[in-house]
Amino acid sequence: MTNDHQSRANIPSEGKEENIKKIASELLQKVRESELSKSKSSNDQKIKNLIQEALRTGDF
Amino acid sequence: MRLHKLILSDFRNFFGEHVIEFSHSIDKPLTIIIGSNGSGKTTVLNSIYWIFTGEFNKQFPMPSALVNKDKFKEGGTSCFAELHFSIDEQSEIVIAKRIYDQKQRLSRLSVFTKTPNGVMNPLPPEQGESFLESFLPGNLAKWFIFAGEAVGEIQLEGVRSFRDDLRKTFGFTAIAKLLDLINDVRGDFNRQIKGKSGKSGDKDEAFRLLTDQIENMEQMLKEAEKRLDQANDRHKILKSEWDSWDSKLRSLPQAGAIEERKKAAERRRDQLKLELKPLQERHRRLLAGASYRLIIQERLKSLSNFMLVETGKQRLPSSFGETLLDELLKLQSCLCGTPLCPGSKEALALEQHRPKANTAQLDLRVHKIKDALRGGLDLVERFETDSVDLEKQINKYHDDIQTQSELAERYKKELAGSDVELIRETEAQRSRVADELRRENSAITLENDRIRQHKESLRQLNLKYHMMINESGKDEKIIQQLNKLKKLEDYVLERFKKQEAEVIDTLNSELTRVFSTYLSKNYSASIDADTYAVTPRDVDGRAVGLSTGESYVLKFALIAAIVGMAGMRTITKRVDWISDPIIAPLVLDAPFSVNDVTYRSSIAENLVSQSSQLIMMFDADKWNDDLRERLSAKVGRFYCAISRAKGSQKSILGSITLGGTPIVLNEYESERDESYIAEQEVWS
């Protein structure tokens, strides 16, 4: 399967899957921390920013 | 998380400072504290709970006075509990100290971190609580630090609050939240793309329509989720209301059932009375005829005797009766001298008596009388038998009627002790709430269906959107990011589904293992993925009931499996977590207060095998050789909680024996009433 095929089928390569796992785990950690925080709405925006940052810089 | 040390200072029944070091090594994760009632074990549990939550465990209402009484009399106004813990063996130590000021009735939390080289870093006061929450959220503390009695409250029938707590412990709510936020980010991209399309005068109406559809669908989804949340909240309130009515009803005498029993006894009594009536009537008739029957019997007997006597005397007809008649007619003279000339009036009159003098006819008559006499006597004898039988039957009826009347009376008295009106009202309220709960359940099912449909529609629309974007050659960067977002979403979603399936599967398999290992039953557990209701099933898959003792084993097994799963210590299967679940040590006070002695060692063994760290507090009378033997390999620290009293000995001294040496758990003639924790050598 070529990279192009993988991309279309949304199947990340092994290294990229590791990256996704790392990003997802970090994001989840942030969400869990924000669950405990009292100012949930501002935290939601912070996590959305983190997602966008990961989309810009993450290799997956 | 691993607990290292607890320091109590003037806290409740602990005068002065007391330190308990907990065992936290992987091979010896168990710390045991044994004591009699009132020796301070529960205070140890509550102090840990208090540090994490600022409250006492639900089983024990928070007292207004936390400072030791003697210390308070001496002028001390504050006390504290301090806990040292770490995430794992390598990480820095966290020190959480909660101080209580009894005069101001205020508690204050200080949190420090301590680096391996001993440098203490205080956290800003406002961050202390949330920092602790990140280790063990307050609403989950009850599953990790709890008194044995609390296990009875675990509802295996699938209670939403229990399911929600579990989902939170396993991090599922965080995953769901992340998916929501990913969706929001997609919405932001969509709006950007839509905005750009509009500005550049793009006439691609299909694209515009699609983004509108996606927005609408997202809106519908949000509304449905909001409605679902509201329905769930209402359900929660109603469930708690139902529980409260149900528990009230259970606490009242069960008037309905008593009333039913009373009515049944009354019905039976009345039926017996009805059946008795014809018997009594027969008896009455028998009795009414008894006197004349007795007279007849007497007469018959006397007649019978008379006839026997007369027969014996040969006074009854015999063959000479007719011969005498012929002789008289031949002599033409009667015995009294009256002439009997042939053809005379006297001779004819005598001739007319000939049939009476006929012996055969007379004999026949005598026999008829004798037969009649025998028949009469038989009848009288049968009357006696009939009468006795009837009386027996009647007496049996009287006894039964008496029994039923007494039962009815007893139930009546029981009913008099219960407030029937209150029971009816409580039943009506419970039934009303049950109706509302049913309606709410339907609403929840409906909204869940809608949400599923909306999500599927949204997925289809997003797929279409991605294809359209890829084909349209729009902003490359945004397209790239949207593709990444899709990959991230797919990954999280897939792991989410996989993880939840793994959790359910692991719980099933752990509970099934407990059935066969500890209960010797060929049962399996099935856990509903939606409600987390646990149903034990037999080999044919039929749901089976459990005894109270067995259900406690199952509940403790559930706790052990949850803790074990979070700590990756489950025996049958292990969950591959996408993010770390809550891992806290298990602190158990009096775990066997509700358990059958048969299951104690099994439960303890199962708990210790799955906990990354376990602190168990036992009542001295629940501790036994079997427990000691089966836990020995895992015990790292062993303490006795000893209570001291000022006065002379009032009750039997509590004690346990370790290595042949008895350890007394109650001391008297002490300076003050207090508790202290004494470390003992761990037996080998």
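Everything here concerns the structure above.
Now for a quick tour of the structure.

**Digging into the overall build of chain B**
Alright, step 1. A tally of helices and strands in chain B yields 18 helices and 17 strands.
Alright, step 2. A total of 684 residues make up chain B; the buried ones form 28% of that total.

**Concerning the overall build of chain A**
Alright, step 1. In terms of helices and strands, chain A carries 3 helices and 0 strands.
Alright, step 2. Put simply, chain A runs from its N terminus to its C terminus through helices and strands in the order α-α-α.
Alright, step 3. Expressed as a percentage of its 60 residues, the buried residues of chain A come to 22%.

**Description of the interface of chain A and chain B**
Quite often, the size of an interface is put as the accessible area lost when its parts meet.
Alright, step 1. Tallying the contact residues gives 25 residues for chain A and 25 residues for chain B.
Alright, step 2. The set of elements that each furnish at least two residues to the side of chain A that touches chain B consists of α2 (14-36) and α3 (40-57) of chain A.
Alright, step 3. No other element matches α2(A), which puts 12 residues into the side of chain A that touches chain B.
Alright, step 4. For the side of chain A that touches chain B, the class distribution of residues is 12 nonpolar, 7 polar and 6 charged.

**Things to note about the sheet that holds strand β6 (residues 106-114) of chain B**
Residues and elements named next belong to chain B.
Alright, step 1. Strand order in the open sheet formed by 6 strands is β2-β1-β4-β5-β6-β7, and the pairing between neighbours is antiparallel. The two strands at the open ends of the sheet, each matched to only one other strand, are β2 (17-21) and β7 (120-122). Strand after strand, the sheet turns through a mean of 20 degrees between neighbouring axes, direction not considered.
Alright, step 2. Of the pairings in the sheet, the one linking strand β5 (residues 93-101) to β6 comprises 9 bridges and is antiparallel in character. Paired with isoleucine 99 across the bridge in β6 is arginine 108.

**Looking at helix α1 (residues 41-53) of chain B**
For an α-helix the count is 3.6 residues per turn, leaving residues at separations of three or four pointing the same way.
Residues and elements named next belong to chain B.
Alright, step 1. Look at α1: 19 Å from first C-alpha to last across 13 residues, which is about the 18 Å you get at 1.5 Å a residue.
Alright, step 2. Of all 13 residues that make up α1, 13 are buried, and the element is covered over most of its length.
Alright, step 3. At the exit of α1 stands glycine 54, carrying a positive phi of roughly 80 degrees.

**Here's the deal with the nonpolar core**
Alright, step 1. Core analysis: the largest hydrophobic core is formed by 94 residues, its most contacted members being Ile48(B), Leu511(B), Val553(B), Phe556(B), Ala557(B) and Met616(B).
Alright, step 2. The greatest single-element share of this core, amounting to 13 residues, is contributed by helix α16 (residues 548-566) of chain B.
Alright, step 3. Each of two domains, domain 1 (2-136 + 584-680) and domain 2 (141-203 + 475-583) of chain B, supplies a minimum of three residues to this core.
Alright, step 4. Look past the residues within four positions of Ile48(B) in its chain and what remains in contact with it is Leu6(B), Leu83(B), Ile145(B) and Val587(B).
Alright, step 5. Formed by 27 residues, the second largest nonpolar core is a distinct cluster that contains Ile51(A), Leu181(B), Ile469(B) and Leu488(B).

**Some points on helix α17 (residues 600-610) of chain B**
Alright, step 1. Within α17(B) the residues assigned to the buried category are Arg600(B), Ile603(B), Ala604(B), Asn606(B), Leu607(B), Val608(B) and Gln610(B).
Alright, step 2. In this fold, the buried residues of α17(B) make contact with β3 (30-35), α15 (476-518), α16, β11 (586-589), β12 (614-619) and α18 (625-631) of chain B.

**Some remarks on the packing of α16(B) against α17(B)**
All names here are of chain B.
Alright, step 1. In the contact formed by α16 and α17, the axes pass within 8 Å of each other and the chain directions differ by 10 degrees. What the angle tells us is that α16 and α17 run roughly parallel. Every residue of α17 that contacts α16 at Val553, Phe556, Ala557, Ala560, Ala561, Val563 and Gly564 is listed here: Ser602, Ile603, Asn606, Leu607 and Gln610.
Alright, step 2. Of the residues that constitute the contact of α16 with α17, the class distribution is 8 nonpolar, 4 polar and no charged.

**Concerning unusual backbone geometry**
Alright, step 1. Phi at Arg105(B) is positive, roughly 50 degrees, even though this residue is not glycine.
Alright, step 2. Secondary-structure assignment places Arg105(B) in the loop between β5 and β6.

**Here we look at the pairing of β3(B)**
All names here are of chain B.
Alright, step 1. With 6 of 6 residues buried, β3 lies mostly within the body of the structure.
Alright, step 2. Residue alternation in β3 divides its side chains into two sets, Leu30, Ile32 and Ile34 and Thr31, Ile33 and Gly35, and both sets are buried.
Alright, step 3. Pairing of β3 with β12, which is carried by 6 bridges, proceeds in the parallel orientation. Counterpart to isoleucine 32 in the pairing with β12 is methionine 616.
Alright, step 4. Here β3 runs beside strand β13 (residues 635-644); their pairing, made up of 6 bridges, is parallel. Among the inter-strand pairings, isoleucine 34 is bridged to a residue of β13, identified as cysteine 640.

**A word on the pairing of strand β9 (residues 524-527) of chain B**
Residues and elements named next belong to chain B.
Alright, step 1. Side chains of β9 alternate between two faces, with Ala525 and Ile527 buried and Ser524 and Ser526 left unburied.
Alright, step 2. Alignment of β9 against strand β10 (residues 534-537), held across 4 bridges, turns out to be antiparallel. Residue pairing across strands places serine 526 opposite threonine 535, the latter belonging to β10.
Alright, step 3. Between β9 and β10, which pair antiparallel one after the other, the connecting turn spans 6 residues, and tyrosine 532 there sits at a positive phi close to 65 degrees.

**Details of the packing of α15(B) against α16(B)**
Residue and element names in this part refer to chain B.
Alright, step 1. Orientation of α15 relative to α16, taken along the N-to-C sense of each, is 135 degrees, at an axis distance of 10 Å. Considered as vectors, α15 and α16 are oriented oblique to each other. Viewed along their axes, α15 and α16 form a crossing whose handedness is right-handed. Contact residues: Val503, Thr506, Leu507, Glu510, Leu511, Val514 and Tyr518 in α15; Val553, Leu554, Ala557, Leu558, Ala561 and Met565 in α16.
Alright, step 2. Partitioning the contact of α15 with α16 into residue classes produces 11 nonpolar, 1 polar and 1 charged.

Reading guide: rules and limits
Sequence order as written defines the numbering, with residues in each chain counted from 1. In the order they appear in the text, chains get letters beginning with A and ligands get numbers beginning with 1. Totals for whole chains, interfaces and linings use all residues, but because this is a predicted model, local features are given only for residues with pLDDT of at least 70 and pairs of side-chain atoms are given and counted only at 80 or more. Numbering goes from the N terminus for both helices and strands, where a helix is a DSSP run of H or I of at least four residues and a strand is a run of E of at least two. Exposure in this text rests on C-beta crowding, where 20 or more other C-beta atoms within 10 Å of a residue's own make it buried, 12 or fewer make it exposed, and counts in between make it partly exposed. The C-beta atoms are placed from the backbone. C-beta atoms are first placed from the backbone for all residues, and any pair lying within 7 Å is then listed as a contact. All amino acids are sorted into three groups, where Ala, Val, Leu, Ile, Met, Phe, Trp, Tyr, Cys and Pro are nonpolar, Asp, Glu, Lys and Arg are charged, and the leftover types, Gly among them, are polar. Pairing between two strands is assigned when DSSP locates at least 2 bridges connecting them. Fitting a line to C-alpha atoms yields each axis, with helices limited to the stretch in contact; the angle taken between N-to-C directions then spans 0 to 180 degrees. A helix is expected to span 1.5 Å for every residue after the first. A set of buried Ala, Val, Leu, Ile, Met, Phe, Trp, Tyr and Cys residues, joined through C-beta atoms within 7 Å, is what we mean by a nonpolar core. In this document the domain limits rely on a domain assignment from an automatic tool or a database. An angle counts as roughly parallel when it lies under 35 degrees, as roughly antiparallel when it exceeds 145, as roughly perpendicular when it falls between 65 and 115, and as oblique in every other case. Here is the rule for handedness: rotate from the far helix to the near one, and if that takes an anticlockwise turn smaller than a right angle the crossing is left-handed, while a clockwise turn gives right-handed.

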